[in-house]
Structures are given as structure tokens and as C-alpha cells.
Amino acid sequence: MSGFMGHEPDGKPGQPKTVKEWVFTLDHKVIGVWYLIGAIASFVVAGLAASAMRLELGSVGPDITDNGDIYNLWLTMHGAVMILGFQIPALLGFVANWAVPIMVGGKDMAFPRVNAMSVWLLWSGILLALMNLVIPDSYNGMWTGYPPYSLTDAVGNTALYSSVVVILGMSSVFGAVNLACTVAFMRCKGMGWFQMPLTVWCVFTANVIQLIFVPVLAASVLLLSLDKYLGFGFYNPEVGGDVLLYQNLFWFYSHPAVYVILLPFMGILFEIFAVSARNDVFNYKATVWSVIAFIPVSSDVWVHHAYVAGLPDWLRLLQTFTTLLISLPFGLLMLSLTGTMYRGAIRYTGPMYWAVGAFFMLIIGALTGIPNALSAIDYGISDSYVIMSHFHYVMAVSGGMAIFAGVFFWFPKLTGRMCNTFMTKLTAVGFFIGMNIVMGPLYFAGMEGMPRRYMDYQMFADNATIVSAQHWSTIGLYITFVSALLMIVVWLHGAIAGEKCTNANPWGSESLEFTATAIIPGQGNFPTPVICPEGWHPYNFIDNPKPEFEPHPGHTGGHH
Amino acid sequence: MKVKSLMHKVMGAMLALPLIPSLAHAFQAAPATRADYNGWTPHEHWDEVWHETMWDITILGVVFAIITIAFMVIYVRKGHGERGKLPQLSPQAKLGWVVIPCMLFLGDDLFLYVKGFDLHNHMRNVPTNAVEVKVTGSMWNWNYVDANGIDTDNELVVKVGTPVVLRMVSDDVLHSHYMNRYRVTEDLMPGRITWEWFMPNEEGESVVTCREYCGTMHSGMYGTVKALSEADYDAYVAEQAASVPSVTGVASAATTADKI
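Being a predicted model, the structure only gives us computed values, none of them experimental.

### Some remarks on the overall build of chain B
Counting its regular elements, chain B contains 6 helices and 10 strands. A total of 260 residues make up chain B; the buried ones form 50% of that total. Summarising the internal contacts of chain B: among those between residues at least 6 apart in sequence, 71% fall at separations of at least 24. For chain B, the exposed area adds up to about 12,100 Å²; of that, 62% sits on carbon and sulfur atoms.

What follows is the structure, encoded as C-alpha cells:
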């Protein structure tokens, strides 16, 4: 089987040395790092776009630009790059590629060459998306790309949008097939389905959702290009098409996509909470089934994005109910996270600071989603800052903090060095406070009627709530910006000059990536194939049997 | 079977909270019928449901956060080698910790759903005495033609006490007509006619904004709703009829809205 996998597990240990080795690597860990670099670069670009918009919104009237097209370009880049370039690649790229194969005791992904193709498709997509900043007819139709606007000339280059989405979608689909096969077939001897860490379950489930729904998104944006450039009329009412078809197709993928982001980042939180509290995950099996329940539940809620889009009233009422049902599996996950703290022995490490921040952001974000689920309430807040604040709390800030928690958590395994603990905690606190000042006041501005995607709000110039909310939000940006910048400095400092790890398991985890590998896992991950003894569990911190190793044929020992 | 632990008591108590509003609602009078809406405007109804929902999520969030913070403070690691001691759950307890929370979440969901259903029916059933205004959205302008044939841009003038239904269509791309004061939004699109209705109940001006991204000047696409008293409104209609001689049959047009 090893020949089929592309390389022998007894290849060169350690990380690649030359540029050529980095680029042509088939090692899932190096590919994971490529995903991470792409994700962080995207975060920087999209974060700068967000900062520019925030500065523009700081007060009534033009602040740094009076050009609507430039503002809309920032807005488009912020949304598209944050979701498609940062969050999905960080979770389904970095976490899925770097962590999952080691966590299940595998020596690599199931299809290393397909894996390399996935990551380079991602990079092609990111570079293509960045072209939008320099081409003359830059696309400004938002990441949602609603027709008929996206079919007009004013929107810019729709083909670029379609291509980026399709390329990133292909990357996702290849990655999803690969990861599902890895989890199904590459688990080490002795590891059953209910012995997998929750991170693995969450990433696996997210990839199943991707496999089901991404093709729908690809179809919806391809039809846009066919309409605009070849005169098809799928979305053109003048020739019998329907503009709402796009919204149905788009959200049929894009609401499940929210759980594609939510589940893996909650997986990271489970891992860090359990390891920091040195405690079993509360009701582990039920938690796993709650994760799986997201697949059917998420598939029938897309209409809540189109409550005010002229869809039939009975459909709005039906999907109000199915949307509310998400609270069942989600509530169980939150219960498990809190339950994992119960009678724990919690150690507040750097990653735990980030994870706790993500958890409290998630409480706010999740609960502010409940009113939005009610179709009648949506008539008053649809596409306002209420919605914007809600999904930033739940997806952007909680998701972002959980991703950064994960980066800090696995950082010693990536670099062999530790980040500065004090600075890790300080940046977490700064980011948490900063983002609350950015997004908290905006919720109240939304209740006063402030619409999304407005570059100015002169119509609300005499509304003190909106004006002061915008003002405070911009002050919060400075705190967030400094914290995020410092966080990147902490990573760079840690990677170059951080304290060297002397312990392969600095956080005291029971999961295989910490207990069965070298400080930096070598090629093939494990010195020799690993076996999970009977009764082994990733969250048994009391009397877990140690993983065993099976001598590789032809070898008498490991390399490390 | 250690189900009598502190955790179960605390979290059980927390999860029982959604039951309280659900039970409270169950003992209230029967859900409102359309007759009960008389004299009650949809936006007042909206505000009430909104506040109830806010209380619901605030209580849930605060209780949940307090319990989590308490755990996070109480269970800090004391010594280097300390391990967590989460009690093993019996099979019954495992099932119970799924079924009971789910029932409670479902209870809260249903409570809110009933509120939302009622409000939805209120906001999506047009009173028979409503007057009709045709709205056309275009980049980046709101055009209103009312039952008197008065044609205005970015200014909708209505009479206090008379419900208004807007029949809306777009000339170009998607727009969304949102009236801040009346808590009502509906998209406009080419190829379909959509509608929303509202009840101006007080004199005054309020803001109309576009709530669907529509290009460069999306944020410049806003207007005003003026709610006038009956006397002021009649004067306004007369003034418009005088300044626009081509408008004919002013008085008879008002009754066409009754056909809705």
C-alpha cells in the first residue's frame, strides 16, 4: 500500500530544505503549512480591506474615499477573501491537512498527489482573486454575486468571480474526497470511529457537507457567466428566466457553508477545551451524533436568506421552523463544551485564552441568530447591521479566534518552538475586547435601521445611536488591528527565535499528534506504524493506554 | 450512576428556563385572530415580539455564560499532575442529556415560532381598506405613484390612519425597500411584483433605505416617508393636482385600492 501512497514512510525526516522540496512536496504537513500561509495572507488582505471600510464609516460623509466603486471593491474583497481565502482554507485546508491525518494515526492523506493539486488550486484561486485589485474592470458584485447586478457591465468582471469560485470549489471538492477517504481508510490499527478526536469528526462532517453542496454553488456561478457572456437567460426574466433561481441555488450551498466553517472551528475548541481542562468531552458519543446531525439540518434552511425576496409565505414559515431546529444539535455542542469544563483541571495556556474568547463570542453570535430565524422579525432587520453584527460574531470573530487558537495550539508541532506565552494571552485579550467594541455597538445601530453595505449614512446623520455606534466601532478597530498585527509578530518571533520545545507534548494532550510523534513530526508522521490499544480514547486523561508501535517491515527501529 | 452531581442540578435548572416563557405563553389567551389586530399596527407588534425575543436570548445567554464562567473559575488546575474528573455517565444519563435539552430547546423554538407565526400573519395580510402605491426601484431612485396618480421620487406621502400597500417592481437590478419606522422590508426585482404593507399611525417623517446591494450608489438610494394628518394630506393632494394639470380623475382613483 505504501507505494500507492506516493512515498515511503521512511523517507527523509523533518521538513523540506530547498524551495523545490517545499513546492513539489506531497507531504500532507507541508501542504497544510502552504494552506496556512495562504489563509494568513488572505486574512491580512481582507483585514486591510475591512480596516479601510471601518475608517470610511468612522463619521458621516467621506472620510478616506468618496468613490463608491472603490468602497464596493473593498467590500467585495473583504467578504470573498475572508470566507473563501481565509476561513475555509484555514479549517478545511490547514486543520484538515496538517492535523487530521496525524490525529487518526495515518502516515499521510489518502491521495497525496490530489492533495498537492488541491493546495495549488487554492493558491491559483487566491492569486486570481487578488488580480481583482489591479485589473481595470474589477468585480464589485460582493461575494454573493446576485444577478441581475452581476450580469450588468457596472459590476465588472463576472467571469473572474465565476472562475475564482469554481477553482476554489474544485480545490474544496478534491480536498473533501481526499479527507473523507483519509478518515475512512487511513486510520491506524485499533482506532474505531468513536475513538476519533472531535476535531476529526467535525472536519470530516464539514467535508461531507462540502461534497454535497459545493457543486450547486459551482453551477450557480457558471450559469452567471453563461448568462452574461453567451446570452443564456437562466436569470433573465425577459427571456423566461428568474432572478430568484440564483438566490435559491447560491444559498442552498452557502448556508451549509456556514456549518462548513462552524463545525471545524468548534472542533478546535473541543480539542483545546478538553486538553486544557484535562477532562473527557462531556457525552462524547452524543456530541459526535450532534455534529453529524448538522448535515441534514443544514440542508433545509437556505430560504432564511431570502425571507424578503418575494418567495411564497408558506415557504418562509416552513423554513423559519427548520432554521430554528438548528438550535438542537448546536445547543448540544455548546452544552458539551461547557460540560467539558465541569470538574476539570483547567490550565490557562495561550491557546486556551484564544479558545475561551472564541467560546464567548460564539454564545453572543449564536443567540443573536435566533431572532433572525423568525421570518417576521427579519422583515424589520433584514440586511441591516443586526445581521452583519450577528454573523461577524459567530463566523468571523468566533471562527477567527478559534482558528488562531488552533494555530497557537499546533504551533510547537509546526516549528519545534513555542510562542511567547504572555504575548499570546495579551493578543487574545486585545482581539476579544477590540472585536467586541467593533461589533457590539453595530448591533444597536442595526436596530435603529442602519443598512449593510452602505459607504455612508447621511440619512441617519441625526440619529445619535447610529453615529456614536459607528464612532465607537472605529475606535475598536484600532485595538483589534494592533492585536492582530501583534499576533502575527508573535508567530514570526516564535518561529524564528521562540524558545525551543524540549517536550513533544507541551499541552499534555492524549491525541496522537502529540503523544506518538517527534517534536516536529517527520515524514510519514510516526517512526513506525502506530496502533491504538483497546480502550484508548483521545480524551481519556486518567488511565489511557499508551499508543503502541509496530516495527515497519525491514526496519528494526524508528528514525528519531 | 452519579447523576445527582452538582452539574446536573445546575445545568438542569438552566435548561428548564426556556420552559418558563413557553408555559407562560401556553396559559395566555388563544393566539390573536385578524380581528384582534384592529387598532394595533404591525410595527408595534413587531417591536413587542422583538423585545420578547431579546429577553429570551439575553436570559439564555447570561445564564449559560455565568455557568460556564463559574466552571472556568472553580475548576482551575490546583497541582501540576491534576486531571479532570468528569463523572462517567450511565447510559440513561447519556440519553437524558440529549433528550431533555433537545426538548427544552424545542420548547423555546416553538414558543418563538408561535410568536413569529402570529406576527408574520399580521405583516403579510393586507387590510381591506389599504390604499395602493406603485413603487419602482431603479439605480438609484425610488419612484412612487399613489392612488391619486401623484408621481414622486424618493418621497412617499401617506395619510395617518390609512394602511398603505406598496406594489413593487424593479427596472434594473435587485433593490430592497426598507422603511425604518415601519419595520418592513421586501426586495424589488425585475420580472416579479412584490409587496409590503404598513400602517402610518403618527404624523412625522421617517427614512427609506435600500437594503439590497445595487452598485456604486447603493448608499445614495434613500428617501423619506411623510405621514400627514388627514387635513394636511388633502391639502397636499390638492396642491399636487393643481401643479400637475395632466393628472385627471383624482377623486375616483382613490377607490381603486379597495379592490385589493
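### Let's talk about the UniProt feature "transmembrane region" (unreviewed entry) in chain B
As annotated by UniProt and renumbered to match this structure, "transmembrane region" (unreviewed entry) occupies residues 53–75 of chain B. Across residues 53–75 of chain B, helical content stands at 96% and strand content at 0%; the span's end C-alpha atoms are separated by 33 Å.

### As for the UniProt feature "domain: Cytochrome oxidase subunit II copper A binding" (unreviewed entry) in chain B
Here, the residues flagged by UniProt with the feature "domain: Cytochrome oxidase subunit II copper A binding" (unreviewed entry) are residues 128–239 of chain B. Overall, residues 128–239 of chain B shows 9% helix and 51% strand. The separation of its end C-alpha atoms is 28 Å.

### Structural notes on the environment of B:Leu188
Mapping B:Leu188 onto the fold places it in strand 7 (residues 184–188). On a C-alpha basis, the gap between B:Leu188 and B:His218 in space is 14 Å, while along the polypeptide they are 30 residues apart.

### Re the pattern of salt bridges
Across all of its chains, the model carries 15 salt bridges over all chains by this definition. A salt bridge links A:Asp313 to B:Arg124; its shortest N-O distance comes to 3.2 Å. Residue A:Asp313 is located in helix 10 (residues 313–324), and its partner B:Arg124 is located in the loop between helix 4 (91–123) and strand 1 (131–138); the two belong to separate chains. The shortest N-O distance in the salt bridge between B:Asp47 and B:Arg183 comes to 3.2 Å. With B:Asp47 in helix 3 (residues 42–74) and B:Arg183 in the loop between strand 6 (175–179) and strand 7, this residue pair connects regions lying 136 residues apart in the sequence.

### As for helix 16 (residues 421–447) of chain A
All names here are of chain A. The end-to-end C-alpha separation of helix 16 is 39 Å, in line with the 39 Å expected for 27 residues at 1.5 Å each. At Ile437, helix 16 is bent by approximately 25°, the largest bend along its length, and proline Pro441 sits one to four residues beyond. Phi turns positive, to about 110°, at Gly449, one or two residues after helix 16.

### A word on the confidence of the model for chain A
A low pLDDT score tells you not to read the predicted coordinates there in detail. Looking at chain A, the pLDDT average stands at 92 and 96% of residues meet or exceed 70. Below pLDDT 50 for its whole length, residues 1–13 of chain A participates in 29 contacts with residues either more than four positions away or in separate chains.

### Section: unusual backbone geometry
Following A:Pro147, the chain continues into A:Pro148 via a peptide bond in cis, with omega recorded as 5°. In this structure, A:Pro148 sits in the loop between helix 4 (112–131) and helix 5 (158–185). Cis geometry marks the peptide bond from B:Met139 to B:Trp140, where omega comes out at -5°. Mapped onto the secondary structure, B:Trp140 falls in the loop between strand 1 and strand 2 (141–145). For A:Asp383, which is not glycine, the phi torsion reads 50° and is therefore positive. Inspection of the secondary structure assignment puts A:Asp383 in the loop between helix 14 (375–381) and helix 15 (385–415). For A:Asp383, a relative accessible area of 15% gives the class buried. Backbone geometry places A:Arg453, a non-glycine residue, at a positive phi of 60°.

### Here we look at the sheet that holds strand 4 (residues 155–159) of chain B
Residues and elements named next belong to chain B. Strand order in the open sheet formed by 5 strands is 4-10-9-6-7, with mixed pairing between adjacent strands. Each end of this open sheet is capped by a strand with a single partner; those strands are strand 4 and strand 7. When strand polarity is set aside, the average angle formed by the axes of neighbouring strands in this sheet is 20°. Bridge count for strand 9 (residues 204–210) against strand 10 (residues 222–228) is 6 bridges, and the pairing is antiparallel. Looking at the pairing, Thr209 lines up with Tyr222 of strand 10.

### Remarks on the domain arrangement of chain B
Residue and element names in this part refer to chain B. The domains assigned to chain B are domain 1 (41–68 + 97–125) and domain 2 (131–242). Distance from the C-alpha centre of domain 1 to the C-alpha centre of domain 2: 31 Å. Opposite the 10 residues of domain 1 that make contact, domain 2 presents 9 residues. Regarding the contact of domain 1 and domain 2, the summed buried area is about 910 Å², with carbon and sulfur atoms giving 54% of it. On the domain 1 side of the interface with domain 2, the three residues burying the most area are His43, Met123 and Arg124, jointly 59% of the side's total. At the boundary of domain 1 with domain 2, the tally comes to 8 residue pairs in polar contact (both at pLDDT 80 or more). Taken together, the elements giving at least two residues each to the side of domain 1 that touches domain 2 come down to helix 3 and helix 4. The element contributing the most residues to the side of domain 1 that touches domain 2 is helix 3, with 5 residues. Grouping the constituent residues of the side of domain 1 that touches domain 2 by class yields 3 nonpolar, 4 polar and 3 charged.

### Here's the deal with the packing of aromatic side chains
All names here are of chain A. Following the criterion strictly, the structure yields 52 aromatic pairs over all chains and no others. Here the aromatic rings of Trp120 and Trp123 are separated by 6.5 Å at their centres, their planes lie at 45°, and the arrangement is tilted. Here Trp120 and its partner Trp123 are both found in helix 4, 3 residues apart, which amounts to about one turn of the helix. With centroids separated by 6.3 Å and ring planes inclined at 15°, the aromatic side chains of Phe409 and Trp507 adopt a geometry described as stacked. In this pair, Phe409 sits in helix 15 while Trp507 sits in the loop between strand 2 (499–500) and helix 18 (512–515), placing the two residues 98 residues apart along the sequence.

### Some thoughts on the pairing of strand 9 of chain B
Residues and elements named next belong to chain B. Within strand 9, 5 of the 7 residues are buried, which leaves it mostly tucked inside the rest of the structure. Judged from the 3 bridges that link them, strand 6 and strand 9 form a sheet pairing that is antiparallel. What sits directly across from Met179, in strand 9, is Val208.

### Let's talk about the UniProt feature "domain: Cytochrome oxidase subunit I profile" (unreviewed entry) in chain A
In the numbering used here, UniProt assigns the feature "domain: Cytochrome oxidase subunit I profile" (unreviewed entry) to residues 22–532 of chain A. Secondary structure across residues 22–532 of chain A comprises 68% helix and 1% strand; the distance between its end C-alpha atoms is 31 Å.

Parameters at a glance
Residues numbered from 1 in each chain as written. Chains lettered and ligands numbered in written order. Predicted model: local features only at pLDDT ≥ 70, side-chain atom pairs only at ≥ 80, totals over all residues. Heavy atoms only, no water. Helix = DSSP H or I, 4+ residues; strand = E, 2+ residues; numbered from the N terminus. Buried < 20%, exposed > 50% of the residue type's maximum accessible area, 1.4 Å probe, protein only. Contact = heavy atoms within 4.5 Å. Areas by Shrake-Rupley, 256 points an atom, 1.4 Å probe, with all protein chains shown as cover. UniProt positions renumbered as here; feature names shortened; annotations may be inferred. Salt bridge = Lys/Arg side-chain N within 4 Å of Asp/Glu carboxyl O. Expected span 1.5 Å × (residues − 1). Bend = angle between axes of the 7 residues up to and from the residue. pLDDT = per-residue confidence, 0-100. Pairing = 2+ DSSP bridges. Axes fitted to C-alpha atoms, helices over the stretch in contact; angles between N-to-C directions. Domains from an automatic or database assignment. Buried area = accessible area lost by both parts, 1.4 Å probe. Polar contact = N/O pair within 3.5 Å; in protein donor to acceptor, adjacent residues only side chain to side chain. Nonpolar A, V, L, I, M, F, W, Y, C, P; charged D, E, K, R; others polar. Phe/Tyr/Trp six-rings, centres within 6.5 Å; stacked < 30°, edge-to-face > 60°.

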